[in-house]
Amino acid sequence: MPLRAKTRTRRIRIAVTLLSGLLPVILGTAILYIQAGRALEQNAQQTAEEAIRQFDLMLDNTAQAARELLPMAGQSCTDVKLALREQVTRRPFVRSTNLIWDDAIYCSSLFGDYHEKLAAGDFSQGRLLLMKGNPVTPDTALLVYRLGKGKQGAMSTLDGYHLSNVLRLIGRQTLLVLQVGPNWLSADGQFHEDAPPAMPTAQSNLGSSRYGFSVTAGFPKGETWRYMRSQYPPLFSLLIFFGVISGSLGHFLQKRTSSPTHEMQRALDAAEFVPYFQAVVHGDSKKLSGIEVLMRWNHPKEGLVRPDLFIPFAEHSGLIVPMTRSLMQQTATLLAPLSASFKEPFHIGINITASHCQDLDLVKDCREFLDAFAPGSVHLVLELTERELIEPTAITHQLFDQLRDLGVKIAIDDFGTGHSSLGYLRQFNVDYLKIDQSFVAMIGIDTLSSHILDSIIELAIKLGLAMVAEGVETQQQSDYLTAHNVNFLQGYLYGRPMPGVEFISALSDH
Ligand code: C2E
Ligand code: CA
Ligand code: CA
């Protein structure tokens, strides 16, 4: 596999691991964020309700003072001055009281006789006015409550100090302001005439049902995160714990599902699949006619691994195609320098699985293989095992036609152990039958198997197909097969499979 594809799979694996680790943390954090938002909204709402309750209570005192003084409006200030002062002393929160006649203050608890015109329209709902201060304490805000009946009027004031105290104490963690008409008071006791600020987080706005004021509660920007940091540390630890568990699980599952394939991919990249060559000789002269290429896994820890242990995995994962391609390239590199010395076409058998025949890539691989040799110096023989038959489709027909045009030969491997029919042999234009070694092993031992062997040989001769006998180990087997006109022989009697490089040096020595 190209390096780029390899890093890509690794990146995908890392991304999946990270994602499975981060997902619970992200989802959990999102849920906690929503939860924290709700808690803050509830908090702001409760704070606003509490503030309204407190202000209502304070205004009740102020209103009571005004109610008691109202019938005295119109009487001379000297007569009622003491009554005005009594209310200031007796009523909690009341700072001053005044009497009004015809929209003008004429008597004050502070100054006695006094004159100041009033603008009744300035009062919220005709009753309440938030002011910056009065002539005595111009910088301390005050809330004025006014009661009127005809020309009579009474006014009592509430000290801004008490109001800002409530704002500060109730809204300890909350931003809280008191609004009366267009004016508002902040917790630091400052009077403001401009529009009140919008609260960035969890704003709650509530009006008093009894007096003409409202309060706004809320939190500064980023309060949700601050709240989460201070309230949820155990939950955060739990989320991180779940994240680690889920990430490890994701990593483990990926590793488990991909590990044989992954290991084989690694081996392919590390060029651990190497070709072994086994000699194939002519039946009559016993001279070398070619080789069969057999794959070995040169595993760094396990040593040399037999193909039947890993080929099924390679087929399952689809890696058999690039593995065979690599084997063909290595074989061509080893044998091509000798090709000029071949006196007759040298047979090179390569084992091919059915899955390799599903597209036309095989044609390209064979063409590249043959191009490495001197023209006509080799016969490439593709060995297809009879145990897995190739389904004839439009693609396979095209494939085998193109292979034939290239001069590639087809051998049916392990012949006699599968179910290939005559039609099948014709369909794929088979050139060789490789007689399975189980029949060869029975020569001189089991008469029934020998009969089957005889029938196979007879059939091949009738069909005009050349034969290769596998697993020839004894002279008796060799003699029998030669006597029965088997064209090629392969087995330990003539040579065991050996590393390609060793085979080449042995060949060059001869
Ligand atoms: P096969 O294609 O039938 O290969 C012949 C097997 O018989 C080889 O086993 C070979 O070492 C063994 N053999 C050769 N002469 C003798 C003998 O005289 N006596 C005995 N007892 N055995 C002998 P190997 O190399 O272990 O391969 C086993 C199978 O693995 C092969 O059977 C073939 O089906 C598969 N294989 C090997 N290389 C490849 C490959 O590159 N691609 C594919 N798709 N399959 C391969
Ligand atoms: Ca074979
Ligand atoms: Ca075989």
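What counts, and at which threshold
- Residues numbered from 1 in each chain as written.
- Chains lettered and ligands numbered in written order.
- Predicted model: local features only at pLDDT ≥ 70, side-chain atom pairs only at ≥ 80, totals over all residues.
- Heavy atoms only, no water.
- 1 Å grid on protein atoms, 1.4 Å probe; cavity = no way out; pocket = protein on both sides within 12 Å on 5 of 7 lines; lining within 4 Å.
- Points joined across faces, edges and corners; volume = space filled by probe spheres on them.
- Helix = DSSP H or I, 4+ residues; strand = E, 2+ residues; numbered from the N terminus.
- Nonpolar A, V, L, I, M, F, W, Y, C, P; charged D, E, K, R; others polar.
- Donors = N, O, S within 2.8 Å, 3.2 Å for Na, K, Ca; no water.
- Buried < 20%, exposed > 50% of the residue type's maximum accessible area, 1.4 Å probe, protein only.
- Near = heavy atom within 4 Å.
- Polar contact = N/O pair within 3.5 Å; in protein donor to acceptor, adjacent residues only side chain to side chain.
- Areas by Shrake-Rupley, 256 points an atom, 1.4 Å probe, with all protein chains shown as cover.
- Sits in = over half its atoms within 2 Å of the grid points.
- UniProt positions renumbered as here; feature names shortened; annotations may be inferred.
- Phe/Tyr/Trp six-rings, centres within 6.5 Å; stacked < 30°, edge-to-face > 60°.
- Lys NZ or Arg CZ within 6 Å of the ring centre and 35° of its normal.
- Pairing = 2+ DSSP bridges.
- Axes fitted to C-alpha atoms, helices over the stretch in contact; angles between N-to-C directions.
- Contact = heavy atoms within 4.5 Å.
- Disulfide = S-S within 2.5 Å.
- Arc of directions from axis to C-beta.

Some details on the layout of surface pockets
By volume, the largest pocket amounts to about 1200 Å³. Together, 38 residues line the largest pocket, and E292, L294, P307, N351 and D413 are the ones closest to its centre. Contributions of two or more residues to the lining of the largest pocket are made by β13 (288-299), α6 (307-317), α7 (320-335), β15 (346-352), β16 (378-385), β17 (409-415) and α11 (437-441). Residue composition of the lining of the largest pocket, by class: 14 nonpolar, ten polar and 14 charged. Reported here for the second largest pocket is a volume of approximately 660 Å³. In terms of lining residues, the second largest pocket is bounded by 24 residues, among which L288, S289, F342, F346 and L507 are the most central. Those elements that provide at least two residues to the lining of the second largest pocket are β12 (273-282), β13 and α14 (500-509). In terms of residue count, the dominant contributor to the lining of the second largest pocket is β12 (five residues).

What about the coordination of the calcium ion (ligand 3)?
Distances from the calcium ion (ligand 3) to its protein donors, D413 (OD), D414 (OD), E470 (OE) and E470 (OE), fall within 2.1 to 2.7 Å. Between the two metals, the calcium ion (ligand 3) and the calcium ion (ligand 2), the spacing is 4.4 Å, and D413 donates to both. Of this pair, D414 sits in strand β17 while E470 sits in the loop between β19 (466-469) and α13 (475-483); the two residues are 56 residues apart in sequence, bridging distant segments of the chain. By relative accessible area, which is 11% here, D414 ends up buried. The class of E470 is buried, set by a relative accessible area of 8%.

Points about the coordination of the calcium ion (ligand 2)
At 2.1 to 2.3 Å from the calcium ion (ligand 2) lie its protein donor atoms, namely E292 (OE), N351 (OD1), E383 (OE) and D413 (OD). Positions of the donor residues of the calcium ion (ligand 2), expressed as sequence spacing, correspond to E-x58-N-x31-E-x29-D. E292 gets classed as buried once you look at its relative accessible area, which sits at 3%. With relative accessibility at 30%, the residue N351 sits in the partly exposed group.

What about the site of ligand 1?
Taken together, 20 residues are adjacent to ligand 1, and Q278, R296, D413, E473 and Y492 come closest. Side-chain polar atom of E292 to an oxygen atom of ligand 1: 3.2 Å apart, as the coordinates give it. At 3.1 Å from an oxygen atom of ligand 1 is found a side-chain nitrogen or oxygen belonging to N351. In the complex, 82% of the free accessible area of ligand 1, which totals 790 Å², lies under the protein chains. When atom positions are compared with the pocket grids, ligand 1 is found to occupy the largest pocket. Secondary-structure elements contributing two or more residues to the shell around ligand 1 are β13, α6 and β17. Its residues placed into classes, the shell around ligand 1 shows eight nonpolar, six polar and six charged.

Some points on the UniProt feature "transmembrane region" (unreviewed entry) in the protein chain
When the UniProt feature table is mapped onto this chain numbering, "transmembrane region" (unreviewed entry) sits at residues 12-34. From the first C-alpha to the last, residues 12-34 spans 31 Å; its make-up is 100% helix and 0% strand.

Some points on the packing of aromatic side chains
One pass over the full model with this rule turns up 15 aromatic pairs. When the centroid spacing of 5.0 Å and the interplanar angle of 50° are considered together, the rings of Y33 and W225 count as tilted. With Y33 in helix α1 (residues 3-69) and W225 in helix α4 (residues 223-231), the pair connects residues that are 192 residues apart, well separated along the chain. Between F342 and F346, the ring centres sit 4.5 Å apart and the planes meet at 10°, which makes this aromatic pair stacked. Residue F346 is classed as buried on the basis of its relative accessible area of 5%. Chaining the aromatic ring pairs together yields one cluster made of F273, W297 and F310. Above the face of the F123 ring, R146 is positioned so that its terminal group lies 5.6 Å from the ring centre. Over the face of the ring belonging to Y492 we find R496, whose NZ or CZ atom lies 3.9 Å from the ring centre.

Brief notes about the sheet that holds strand β2 (residues 104-108)
The strand order across the open sheet formed by six strands is β3-β2-β1-β6-β5-β4, and the pairing between neighbours is antiparallel. A strand with exactly one partner marks an edge of an open sheet, and here the two such strands are β3 (112-117) and β4 (128-131). Sheet twist, expressed as the average angle between the axes of neighbouring strands with direction ignored, equals 25°. With four bridges joining them, β4 and strand β5 (residues 142-149) adopt antiparallel strand pairing. Among the inter-strand pairings, L129 is bridged to a residue of β5, identified as V144. Helix-sheet contacts for helix α2 (residues 77-90) involve β1 (94-101), β2 and β3, and the interaxial angle to β1 is about 150°.

Points about the state of the cysteines
Linking two cysteines covalently via their sulfur atoms produces the bond known as a disulfide. Under the criterion given, the structure shown has one disulfide. In this structure C357 is not part of a disulfide, and its nearest cysteine sulfur, from C366, lies 9.2 Å away. Of the residues examined, C357 reaches a relative accessible area of 2% and is grouped as buried. In this structure C366 comes out as buried when scored by relative accessible area, which is 0%.

Focus: α4
Taken residue by residue, α4 has E223, T224, Y227 and M228 as its buried positions. Each buried residue of α4 lies within a common arc of 140° when the element is viewed along its axis, so the set occupies one face.

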